[in-house]
Amino acid sequence: MEKAINRQRVLLEHLRPSSSSPSRKDESSLSMRKLSFHSWRVEFILKTLNSFRKLSFHSCAFDNYKGLAKCKILPQLPPSLALASEQSSICLAGNSATNPADSGDDIVVVAACRTPICKAKRGGFKDTLPDDILAPVLKELIKKTNMDPSEIGDIVVGTVLAPGSQRAIECRMAAFYAGFPDIVPIRTVNRQCSSGLQAVVDVAVAIRAGLYDIGIGAGVESMTMDNIAGVATVNPNVHIFSQARDCLLPMGITSENVAKRYGITRQEQDQAAVESHRRAAAARASGKFMEEIVPVSTKIVHLKTGEEKPVIISEDDGIRPETNMQSLAKLRPAFAKDGSTTAGNASQVSDGAGGALLMKRSLAMKRGLPILGVLRSFAAVGVEPGVMGIGPAVAIPIAAKRAGLEVADIDLFEINEAFASQYVYCRKKLNLDPKKVNVNGGALALGHPLGATGARCVATLLYEMKRRGQDCRYGVISMCIDQAWGLLPFLKEAIISYKLCNAKIGNYKNLLSKDAQ
């Protein structure tokens with residue numbers, strides 16, 4: 001691939017007009033314009049080749065108050081000149097030299113939201129179908145951007161527990177409820193606990209590839225309606241391959257494995273749970289979640305009488321402000337007699353949905369839409385299945401390096417609190433300042449609707465970075481997955497700006513011509 005790109009670059013260098021060529025006085029202005037346009041085309045193709053070689057997306061500075069790009073592309077200038085103009089603004093904003101000039105081809109998030117997260121089987125969505133949980137998110141994304149629903153090129157929804165064909169049908173129904181016409185397609189994606197995040201990345205990659213201009217990445221899960229189930233028929237080969245056997249371990253056992261192997265105490269786990277509830281309760285009380293939450297009109301059915309009561313769910317209902325070390329100490333281990341993982345220091349099973357609307361920067365600027373984030377880097381890293389929870393500790397340094405950063409450069413982290421054991425381990429392993437991690441609580445308090453959590457984290461982190469303004473430059477979302485991966489989207493926040501960044505590590509050879517392979 002590298003050789004093919006270099007060959008193309010050499011050919012294009014020969015086509016670049018020489019700046020030292022003598023100009024004749026009688027040369028027409030039309031010829032000059034043609035030369036300028038030809039030069040711009042060569043410059044543009046060269047930049048495109050470089051971007052494919054680096055496989056990374058770059059971003060620029062934004063007005064923290066208006067949310068609009070400060071450095072607009074001037075229509076009378078070739079893009080290369082306009083980008084150089086933007087580069088100056090970036091430097092003035094305090095951006096590092098490792099971040100190149102912005103491009104109109106950057107993939108940006110212009111809207112993000114989520115439903116409240118509710119306790120499965122006994123919370124606000126216990127009588128709400130998955131399609132009715134997802135529909136308000138899709139509708140709100142259109143409302144926030146004043147978009148014509150028919151302009152959406154695709155909707156990708158992350159989901160885990162329901163059979164694929166069933167959930168795909170429900171998501172299609174949700175799109176109709178939200179006002180989308182039948183020409184707008186929809187599909188689901190299952191990458192376990194990171195499905196909602198993978199949906200956002202899939203949309204970004206499709207837009208980058210030119211498959212469509214605007215898309216929605218979302219996630220939904222109803223753990224009330226769908227239960228976690230094991231493998232129905234176990235392949236006898238698992239007795240030969242220990243790693244394959246460990247893929248079948250209950251998640252609670254992997255939590256116990258992490259605690260024992262890495263010395264994470266029961267007290268540390270309980271303390272993490274107390275702090276998660278405290279922070280989430282404070283965020284809810286101060287109204288921090290209001291900007292990201294879309295209220296859902298639904299019903300509650302009385303368990304005994306069957307009476308239906310219309311309600312509007314507008315707050316997360318899993319947060320317990322009164323949680324303390326004394327109450328948690330009374331809970332018995334949930335997965336092993338001598339274990340340390342309890343119902344109090346593991347994530348709650350929950351119902352909820354979230355989503356983000358994405359497009360190219362040039363289109364967002366043309367429409368005057370606020371740019372919440374720019375997708376930059378994304379890493380998926382495999383780890384040992386028996387201790388799957390350590391994934392973020394492996395993925396975060398890799399993604400930081402790919403973005404030209406160190407872990408110490410990150411200002412905010414959203415690390416999914418699947419279990420307190422793995423969350424505490426990752427925080428300690430990376431030597432993270434607790435004041436930078438899950439500042440508004442995490443899944444231990446909010447809950448973890450599997451397919452929706454990734455999309456929820458996108459909205460939560462973006463709005464927190466927006467609130468912090470110039471005090472926050474970089475942010476990360478990371479989570480572990482029950483097949484032993486660590487996934488990480490990278491969010492970049494320049495001074496007086498707020499940005500989301502994602503890119504995917506993978507094999508792109510099938511997207512190239514044969515000679516490039």
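As the structure is a prediction and not an experimental result, all values here were calculated from the model.

### Focus on the nonpolar core
I152, I155, F180, L357 and M359 are the most contacted members of the largest nonpolar core, which has 40 residues in total. Within the residue set of this core, elements represented by two or more residues are β1 (107-114), α4 (130-145), β3 (154-158), α5 (164-177), β5 (214-222), β7 (308-313), β8 (350-360) and α11 (361-367). Top element by residues in this core is α4. It accounts for 7 residues. With 31 residues, the next largest nonpolar core counts A356, C457, Y463 and C472 among its residues.

### Observations concerning the pattern of salt bridges
Scanning the entire structure with this criterion turns up 23 salt bridges. In this structure, E292 engages R114 in a salt bridge whose closest nitrogen and oxygen atoms are separated by 2.6 Å. Placement of E292 in the loop between α9 (266-285) and β6 (296-301) and of R114 in strand β1 is noted, with a sequence separation of 178 residues between them. Take E292: its relative accessible area is 0%, and that puts it in the buried class. Judged by relative accessible area, R114 falls into the buried class, the value being 0%. With its nearest N and O atoms 2.9 Å apart, the salt bridge here joins E268 to K428. Taken together, the positions of E268 in helix α9 and K428 in helix α13 (residues 420-429) put the pair 160 residues apart, joining distant regions of the chain. According to the relative accessible area criterion, K428 is partly exposed, its value standing at 44%.

Each value, and the rule that gives it
Residues take numbers from 1 onward in each chain, read along the sequence in its written order. Only residues with pLDDT of 70 or above have their local features reported here, since the model is predicted, and side-chain atom pairs are shown and tallied only from 80 upward, although totals for entire chains, interfaces and linings are computed over all residues. Excluding hydrogens and water, the side-chain values take into account all heavy atoms of the structure. As used in this record, nonpolar core signifies buried Ala, Val, Leu, Ile, Met, Phe, Trp, Tyr and Cys residues forming a set joined through side-chain atoms within 4.5 Å. Any residue under 20% of the maximum accessible area for its type is buried, any over 50% is exposed, and the rest in between are partly exposed; the area is computed with a 1.4 Å probe on protein chains only. Numbering of helices and strands runs from the N terminus; a helix is a DSSP stretch of H or I covering at least four residues, while a strand is a stretch of E covering at least two. The working definition used for a salt bridge is a side-chain nitrogen of Lys or Arg within 4 Å of a carboxyl oxygen of Asp or Glu.

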